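A structural walkthrough
Below are the chains, spelled out letter by letter.
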Amino acid sequence: MYKYILKRLLFLIPTILGVTFIIYAVMNITPGDPGRAILGANAMQADVDAYNHMLGYDLPFLQKFVNYVQDLFLKGDFGISYFTKQPVFAEIWPRYGFSVRLALMGALLSAVIGIPLGIYAAVKQYSLWDTVPSVISFLIAAIPGFVVGMLLLYIFALKLNWLPSYGASSLRHYIMPMLALAIPPAAQNMRFTKSSMLESIRQDYVRTARAKGAPERTVIWKHALKNAMLPVVTQMGLTLGALIAGAVVVEKLFSLPGIGSLIVDRIPFKDEPVIIGGTILLSVCFAVIMLVVDVIYAFIDPRIKAKYVKMKGK
Amino acid sequence: MSRNETDKTKETILEIKDLKVIYQTDAEVIEAVNHIDLNILRGRTLGLVGETGAGKTTTALSILRLLPEMTGKIRGGSIFFEGHNLLEVDENWMRALRGNAISMVFQDPMSSLNPVLTIGEQISEVIRLHEPDLPRREVEEKVDSTLNLVGIPASRKAEYPHQFSGGMKQRVVIAMAICCEPALLIADEPTTALDVTIQAQVLAMMSDLKHRLGTSMLMITHDLGIVAQTCDDVAVMYAGEIIEAGTVEDIFLNEQHHPYTTGLFQSIPDINKKSDRLKPIPGLMADPANLPKGCAFAPRCGQCREICTKEHPVLTAWGTHQLRCHLFASSEKEQERGAE
Amino acid sequence: MRSAKKAVQAVDSNRYRRSNRFGEIWRRFRKSKGALIGLILLLMIVVLLLCAELLIPYEAAIKQDVRSALAGPSAEHVFGCDTYGRDILARIVHGGRTSLSIALWATVCSCVVGSLLGAVAGYFGGIIDSVIMRALDLFMSVPDILFTMAVVFALSANFVNLLIALTISFFPNYVRLVRSQVLTLAEQDYVEAARAGGSNNARIICSHILPNAVGVIIINVTLNVARIIIYESTLGFLGLGMPAPHPEWGMMLSEAREVMRVAPHMIFFPAAAIVLCACSINLVGDGLRDALDPHLKS
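Note that the structure is a prediction, hence the values are computed from the model and not measured. The residue numbering used here restarts from 1 in each chain and proceeds along that chain's sequence as written. Here every chain gets a letter starting at A, and every ligand a number starting at 1, in the order they are written. This being a predicted model, a pLDDT of at least 70 is required before a residue's local features are given, and a value of 80 or more before pairs of side-chain atoms are given or counted; all residues contribute to the totals for chains, interfaces and linings. Calculation of side-chain values draws on the structure's entire complement of heavy atoms; hydrogens and water are dropped beforehand.

A few words now on the overall build of chain C. Scanning chain C from terminus to terminus reveals 12 helices and zero strands. Going residue by residue from the N terminus, the α and β elements of chain C occur as α-α-α-α-α-α-α-α-α-α-α-α. Exposure categories follow from relative accessible area, calculated using a 1.4 Å probe and restricted to protein chains: below 20% of the type maximum is buried, above 50% is exposed, and the middle band is partly exposed. Scored against the burial criterion, the 298 residues of chain C give a buried share of 47%. Only heavy atoms matter for contacts: two residues are in contact if any of them lie within 4.5 Å across the pair. Pairs at least 24 residues apart make up 71% of the contacts formed inside chain C by residues separated by at least 6 positions. What counts as a helix is a DSSP run of H or I of at least four residues, what counts as a strand is a run of E of at least two, and both are numbered from the N terminus.

Moving on, we get to the interface of chain C and chain A. In this complex, chain C contributes 40 residues to the contact, which on the side of chain A involves 49 residues. Summed over both partners, the interface of chain C with chain A buries about 3800 Å², with 80% contributed by carbon and sulfur atoms. Any carboxyl oxygen of Asp or Glu that lies within 4 Å of a side-chain nitrogen of Lys or Arg is treated as forming a salt bridge with it. Viewed at the interface, chain A and chain C are joined by one salt bridge. Here A:Arg191 and C:Asp286 are joined by a salt bridge, their closest N and O atoms 3.9 Å apart. Throughout this description, a polar contact denotes any pair of N or O atoms lying within 3.5 Å of each other; where both atoms belong to protein, one of them has to be capable of donating a hydrogen while the other can accept it, and for residues adjacent in sequence the pair is counted only when both atoms sit in side chains. Linking chain C with chain A are one residue pair in polar contact (both at pLDDT 80 or more), by the criterion used here. Contributing elements (two or more residues each) for the side of chain C that touches chain A: α6 (126-140), α7 (144-155), α10 (201-237), α11 (249-258) and α12 (265-292) of chain C. Of the residues that constitute the side of chain C that touches chain A, the class distribution is 29 nonpolar, six polar and five charged. Simply put, the buried area is the total loss of 1.4 Å probe accessible area from both parts when two parts are fitted together. The nonpolar class holds Ala, Val, Leu, Ile, Met, Phe, Trp, Tyr, Cys and Pro. Asp, Glu, Lys and Arg form the charged class, and all remaining residues, Gly among them, are polar.

With that settled, consider the interface of chain B and chain A. Opposite the 25 residues of chain B that make contact, chain A presents 21 residues. For the pairing of chain B and chain A, the buried interface totals around 2300 Å² over both sides, and the portion due to carbon and sulfur atoms is 63%. Looking only at chain B, the three residues that lose the most surface to chain A are B:Phe106, B:Val116 and B:Glu125, adding up to 24% of its buried area. For the pair chain B and chain A, the number of links is two salt bridges. Applying the counting criterion to the chain B and chain A interface returns 10 residue pairs in polar contact (both at pLDDT 80 or more). Among the secondary structure elements, those contributing two or more residues to the side of chain B that touches chain A are α1 (56-64), α3 (109-112) and α4 (119-130) of chain B. It is α4(B) that provides the largest number of residues to the side of chain B that touches chain A, a total of six residues. Considered class by class, the residues forming the side of chain B that touches chain A number 13 nonpolar, eight polar and four charged.

With that out of the way, let us pick up the nonpolar core. Residues belong to one nonpolar core when they are buried, are Ala, Val, Leu, Ile, Met, Phe, Trp, Tyr or Cys, and are joined through side-chain atoms within 4.5 Å. A:Met150 and C:Met149 are the most contacted members of the largest nonpolar core, which has 132 residues in total. Top contributing element to this core by residue count: α12(C), with 14 residues. Discounting chain neighbours no more than four positions away, the residues touching A:Met150 are A:Leu253, C:Phe237, C:Leu253, C:Ala256, C:Arg257, C:Met260 and C:Ile267. B:Phe81, B:Met206, B:Leu209 and B:Ile220 belong to the second largest nonpolar core, which has 94 residues in total.

Residue and element names in this part refer to chain B. The eight strands lie next to each other as β7-β8-β9-β3-β10-β11-β13-β12, forming an open sheet whose pairing is mixed. This sheet does not close on itself; its edge strands, each paired only once, are β7 (102-105) and β12 (315-318). Recorded for the sheet is a direction-independent mean angle of 20° between the axes of neighbouring strands. Axis definition: a line fit to C-alpha positions, over the contact stretch in the case of helices; interaxial angles, taken between N-to-C directions, run 0 to 180 degrees. Contacts from helix α6 (residues 166-178) reach β7 and β8 (184-188), with the element oriented near 175° to β7. Contacting β3 (45-49), β10 (233-238) and β11 (241-247), helix α10 (residues 259-266) crosses the sheet at an angle of about 105° to β10. We treat two strands as partners when DSSP finds at least two bridges between them.

What follows deals with unusual backbone geometry. For residues other than glycine, phi is negative in most cases, and the peptide bonds are mostly trans. Positive phi values are uncommon outside glycine, yet A:Asn161 reaches one of about 60°. The exposed category is assigned to A:Asn161, whose relative accessible area is 63%. Its identity is not glycine, yet B:Glu82 carries a phi of approximately 45°, on the positive side. Along the polypeptide, B:Glu82 turns up in the loop between β5 (78-81) and β6 (84-85). Its relative accessible area of 26% is what places B:Glu82 among the partly exposed residues.

By themselves these figures say nothing about function.
Below is the structure:
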């Protein structure tokens, strides 16, 4: 088992490097002019060139990338923001925890809402418990996350005046962003859990359990559910990607201090170092979460677990 | 409860009367089982023979009341087990019966075990369900002894199904079925999914267990070889009907047969006869959603007469041997009629 | 002799089945009320957008009029006006034209690129497969919205660049889909049978694998159009959509956020447009899935 985890951890290194490369390469498709961006439109061309040269911005692409990676992984240096002239790391880091917390809490909430509804809908197929949540989740699948957030804002902040519309200073501030973040993936989780559960209920081993004389409760919760949860866990991992995307939107919509809103706010200013740094950090976070999901999966599926236990024994 | 009274060998343990089962879907109604009668005697094995789709599995699932909830419907008849009509008792009664007094071995061992539970957990679950007061240690001992009984070392009980071969998995399924010493064991093509060599092993083991535990058995199969090897009585099923029934001797030694049974025998090779060719039964089984009016076998029957396509044949009986065919009904009219 | 006759029979029944196939699919599709409603709605939307220029000139969508700024729905402006006094109906209709055509083109491009790569990976296997799949893993470990944002940011936003960005974000799905289809289908017994019968690889792919993979691809294409519409509006909301004066649903909502209190109609109509569009496409997609693949139906 440890071997499996270790293997996955080692695999994380090329993944992070590859992701860094992709993002860095994409951002360098068009040649930027960082010196000009930093010094402003009025600076002398000679000064701009000198500045670019000093920071190594006039080097060939691969050279630049190697320098960037060295600075990034050896010194934790993401460069200097064109906009604030502050080290990027100092700007991103305090917001990082906030974004990750938001995404993880959103994932948790979406699971807590979506999975039980999905199970129940499958068990009570064709009843109101199935049709009503299914129709609602179908509708939500057609609503962009930011529209869900805007509707919540309009109803709870403007019309009812129950909740504050922006900021993150108290727990009450978190209610709407959390809901806006969790509702779309919750609908997705519900749909997915339902179909996985329906699939599982139809399996032969569920009939075997009934033939043993197990009460319906045991048949559903012990035999069907445990098998149905395997694909749901994978799906949850994938939803996290959507949750990070959702976090960007929700942070922007509710003016929350996360990396997503930072990236979006700096787009009009062409603040490349912040955008690259923020994107890399969020991607790394996503990769780590996927790894955790894989390990969890290996723990709950004996078929995968056994493979690695055996390997350890040899 | 009365398992020790082995002297009453002729006692009927399961009596199916006039059972009618349909599958209802949006598009059509499939008449899977049409008014069948079956008796299983205590300590004896009844072989239920027929090709795929004849309604064998449906009959078995009806006994346990495990037909697919949305579509499978029992539309009449009765199933008496130890004096109670299983179609009338409540669900709790059935649950206490399943896995305990009546248990079932399914066709495909690959899919009938839960992949995420160890085999020990799956066997002990049956015991804990039916003997909830048994201390944990004794449950485990019982699991161990049952595993030994089916020829699996008890040390493997912490392993998961995927770690076993097909034959071993079927042994696990059988262990689950016999660990509460059922009065009736239903085996639904227990060896179809297995290799021939493994088949023989599993069948020998089942016969052995049956004698040791005094269990009655319903052996569902399409293989006449298995019938000859393991059964005491035989019922041949075609398109949801029992078309011929009797003891193994009746079926294998008597001269008179339903043309379908004759066809079944001719489609297996006989090493003692130097026949040039096997004679498979021509055509396909009647569509159970659209059964013919007269005898269901008439369209494939080589001896089909006019009456066969018009009138449903009645049961003719000579002692234990019963036939449902116009060939015999007309010539032996004075013979006693079978149960209607 | 006998086998030849059998083969002819098989081919005949195959041809018969194929000619009947669309009728059969249509019959099953028609049975679902939701799918039919979706199809009718979708056709209405498409017709409306195609005739947009006849109904409301593009000019109306960008013409600013300070006097009618934030005006609510009225006879003159059925859906009201936005912050700059532009007619919201006109903006929705013309924004929809762009949104839908970007979504369609991006779907087609990502499907073609992804399917080709997937077929190559699945069919050739070995090192080609590993290289493609590892590269794909990397692509997929960047959360897709961030990736799209980066591409749009780097290329600057316009129709073609949005198309490229969306294609890049959506093609990996098709690679995986087609690859797994090719892999599983290649193992199917009927493909095995065709191979044993002497068909060559190209023939197997064309006559056995592709027709069977097409169903799954069509379902995904349909559902993806809706996803891209939603996705694109999100980009617009984040300020990465079509450049400024051009109407765009997401951007309209982004502008509406500032004046939500006084002009809720600015949220309602564009949001309704997105939801209606995505919903009708999803209805059609679900209907297609049930019609094409009956055993997928829950």
